[in-house]
Amino acid sequence: MTFVCTTCGKQHELDDLSFGAHAPLQWDALTEAERKRSLLGNEQCEVDDSEGRHFYVCACLEIPVREAKRAFVELEPTDHPLAVDQRLGIEEDRLQAIVTKLLHAAPA
Ligand SMILES: [Zn+2]
């Protein structure tokens, strides 16, 4: 599936895209001492901070475009926009807006 980007005018291939984070947000907030007690791997992370020890696993969440096949991993049925999109499918316009924003986001 492709779409013409409203930001750069180019055609983007959605099937080749995935977005993710290098580490949980908590990783960046660790002190140097906490970071030495913690572990960051390619697919898992253990954060040992003042609140205790927390475990994270990298997962690939598929968000189906409406009328496509169901996702393999399902989120809890909450009202969070990501959970709603996964449960009901995402509108193509919303998907394109998110992809455009992520592709053209200013570097942090
Ligand atoms: Zn673009």
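A brief look at the structure comes next.

Cut-offs used in this document
Residues numbered from 1 in each chain as written. Predicted model: local features only at pLDDT ≥ 70, side-chain atom pairs only at ≥ 80, totals over all residues. Helix = DSSP H or I, 4+ residues; strand = E, 2+ residues; numbered from the N terminus. Rg over C-alpha atoms; globule rule 2.2 N^0.38 Å. Buried ≥ 20, exposed ≤ 12 C-beta atoms within 10 Å, placed from the backbone. Contact = placed C-beta atoms within 7 Å. Pairing = 2+ DSSP bridges.

Considering the overall build of the protein chain
Alright, step 1. For the protein chain, the helix and strand inventory stands at four helices and five strands.
Alright, step 2. The globule rule puts the C-alpha radius of gyration for 108 residues at 13 Å, and the 17 Å found for the protein chain is more than 25% above it.
Alright, step 3. Seen through its principal axes, the protein chain has C-alpha atoms that stretch 45 × 30 × 20 Å.
Alright, step 4. When burial is assessed residue by residue, the protein chain has 3% of its 108 residues classed as buried.
Alright, step 5. Excluding contacts between residues fewer than 6 apart, the proportion of contacts in the protein chain whose partners are at least 24 apart in sequence is 27%.

Quick look at the pairing of strand β4 (residues 44-49)
Alright, step 1. Pairing of strand β3 (residues 39-40) with β4, which is carried by two bridges, proceeds in the antiparallel orientation. For leucine 40, the partnering residue across the bridge sits in β4 and is cysteine 45.
Alright, step 2. As consecutive antiparallel partners, β3 and β4 are separated by three residues.
Alright, step 3. Note: β4 against strand β5 (residues 52-57), six bridges, orientation antiparallel. Along β5, the bridge assignment pairs aspartate 49 with glycine 52.
Alright, step 4. Linking β4 back to β5 in an antiparallel pair, the connection comprises two residues.

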